[in-house]
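Examining the three-dimensional arrangement
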Amino acid sequence: MDAWFHKQNKLIQVLLLLIPVVNWIVEILVRWSAVLKKGGVIRVVVALVVTFVGVVIGWLDAIWTLVFNKLILE
C-alpha cells in the first residue's frame, strides 16, 4: 500500500489525506505496510500513534506531503 500511495500524483496524495475518514484509513494502511516491509522501531511507534489519532496526523501529513513530497517520519 505504501508503494501504491507514493506512485500517486501529489494532488491525489494530498486529497486522500485531507478527507477525514479516508485519511485515517490511508494513514493506517500506508504506515503498517511500511512497517511490514521495512521494519524499524520508529515506524512501529508512528504506526501505533496513527492508529489511534490518525485524523490529526493525516491533516499534518497532507501539508507535509504538499511541501516535502513524503509523509512525516517516513
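Placed above this text is the structure.
Residues numbered from 1 in each chain as written. Predicted model: local features only at pLDDT ≥ 70, side-chain atom pairs only at ≥ 80, totals over all residues. Heavy atoms only, no water.

Core analysis: the largest hydrophobic core is formed by eight residues, namely Phe5, Val14, Leu16, Leu17, Val26, Val30, Ala62 and Leu71. The set of elements that each furnish at least two residues to this core consists of α2 (10–18) and α3 (20–38). Looking at this core element by element, the count peaks at three residues for α2. Those residues in contact with leucine 16, other than ones at most four positions away along the chain, are Trp4, Phe5, Val22, Asn23 and Val26. (Core = buried A, V, L, I, M, F, W, Y, C linked by side-chain atoms within 4.5 Å. Buried < 20%, exposed > 50% of the residue type's maximum accessible area, 1.4 Å probe, protein only. Helix = DSSP H or I, 4+ residues; strand = E, 2+ residues; numbered from the N terminus. Contact = heavy atoms within 4.5 Å.)

Excluding glycine, a negative phi dihedral is what most residues carry, and trans is how most peptide bonds are arranged. With a phi close to 65°, asparagine 69 is a non-glycine residue in the positive phi region. Examined against the element boundaries, asparagine 69 turns out to sit in the segment after α4 (41–68). Judged by relative accessible area, which is 45%, asparagine 69 ranks as partly exposed.

In this section: the packing of α2 against α3. It is the contact of α2 with α3, at a shortest axis distance of 5 Å, that shows an interaxial angle of 110°. As judged from the angle between their axes, α2 and α3 are roughly perpendicular. Residue-level inspection shows Leu16, Leu17 and Leu18 of α2 in contact with α3, the latter providing Pro20, Val22, Asn23, Val26 and Glu27. In the contact of α2 with α3, the residues fall into six nonpolar, one polar and one charged. (Axes fitted to C-alpha atoms, helices over the stretch in contact; angles between N-to-C directions. Parallel < 35°, antiparallel > 145°, perpendicular 65-115°, else oblique. Nonpolar A, V, L, I, M, F, W, Y, C, P; charged D, E, K, R; others polar.)

Bringing a nonpolar patch on the surface into the picture now. There is a patch of nonpolar side chains on the surface, built from Val41, Val44, Val45, Leu48, Val49, Phe52 and Val53 and spanning about 640 Å² of accessible area. Examined against the element boundaries, leucine 48 turns out to sit in helix α4. (Patch = residues over 30% accessible without salt bridge, like charges linked within 9 Å, V, L, I, M, F, W, Y side chains within 5 Å. Areas by Shrake-Rupley, 256 points an atom, 1.4 Å probe, with all protein chains shown as cover. Salt bridge = Lys/Arg side-chain N within 4 Å of Asp/Glu carboxyl O.)

A separate point is the side chain of arginine 31. As for its placement among the helices and strands, arginine 31 is situated in helix α3. Relative accessible area serves as the criterion here: at 7%, arginine 31 is assigned to the buried category. If sequence neighbours within four positions are ignored, arginine 31 has contacts with Val46, Ala47, Val50, Asp61, Leu71, Ile72, Leu73 and Glu74.

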